[in-house]
Amino acid sequence: MVKLGEISKSIEKQTKGLIKSGDICISDYHIGHISKDHQKELGQLGMDPLGYVKYIVGNFIEIRDSSDNSFFLVSPHVSEKLRNVAAISMEYVDDGEYWEICTAQPRSIKRLEKRKLIWSKK
């Protein structure tokens, strides 16, 4: 597991505990998945998978609902029609809890706006 950043206590408080504070991590498996399935998009951005998720984690401006126990971290994109998105899910382990990135790719703003806004940096 590679630690990329964290969800702050402030975000946990602002979301009334829905988004728990904790580290944001990614496994080699999910880095491989992003590389394999989203190579074209990453190539257009000139980024490798790890650099891409680090960018999203370091610059997210929104958290939106996804499905089950997962959420979308949303960061700005160079295109006015797209945003960068990393899907995260809470994982429970013996020594605590952390958020694990499962996938990441650019998504249209119109598609994202259909997802419930949980938290915004604004």
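Scroll up to find the structure.
Residues numbered from 1 in each chain as written. Predicted model: local features only at pLDDT ≥ 70, side-chain atom pairs only at ≥ 80, totals over all residues. Heavy atoms only, no water.

(A) Geometry of the side chain of Ser27. Looking at the element boundaries, Ser27 is found in the loop between β2 (22–26) and α2 (28–37). Residue classification places Ser27 among the buried positions, given a relative accessible area of 12%. Here the side chain of Ser27 touches Glu100 through a polar contact of 3.3 Å, side chain to side chain. Residues in contact with Ser27, not counting those within four places in the same chain, are Met1 and Glu100. (Helix = DSSP H or I, 4+ residues; strand = E, 2+ residues; numbered from the N terminus. Buried < 20%, exposed > 50% of the residue type's maximum accessible area, 1.4 Å probe, protein only. Polar contact = N/O pair within 3.5 Å; in protein donor to acceptor, adjacent residues only side chain to side chain. Contact = heavy atoms within 4.5 Å.)

(B) Fine view of the packing of aromatic side chains. All told, the structure shown has two aromatic pairs when counted by the stated rule. Ring geometry for Phe71 versus Trp99: centroids 5.8 Å apart, planes at 75°, classification edge-to-face. Within this pair, whereas Phe71 is found in strand β4 (residues 70–75), its partner Trp99 is found in strand β6 (residues 96–108), the two being separated by 28 residues in sequence. A relative accessible area of 7% places Phe71 in the buried class. Residue classification places Trp99 among the buried residues on the basis of a relative accessible area of 2%. (Phe/Tyr/Trp six-rings, centres within 6.5 Å; stacked < 30°, edge-to-face > 60°.)

(C) Up close: the state of the cysteines. Across all of its chains, the model carries zero disulfides by this definition. The thiol sulfur of Cys25 is not disulfide-bonded, and the nearest other cysteine sulfur, from Cys102, lies at 12 Å. According to the relative accessible area criterion, Cys102 is partly exposed, its value standing at 26%. (Disulfide = S-S within 2.5 Å.)

(D) Molecular detail of the packing of α2 against helix α4 (residues 49–59). The interhelical angle for the contact between α2 and α4, taken along N-to-C directions, is 105°, at an axis separation of 9 Å. Relative to α4, α2 is oriented roughly perpendicular. In contact with Ile31, Ile34 and Ser35 of α2, α4 contributes Pro49, Leu50 and Val53. (Axes fitted to C-alpha atoms, helices over the stretch in contact; angles between N-to-C directions. Parallel < 35°, antiparallel > 145°, perpendicular 65-115°, else oblique.)

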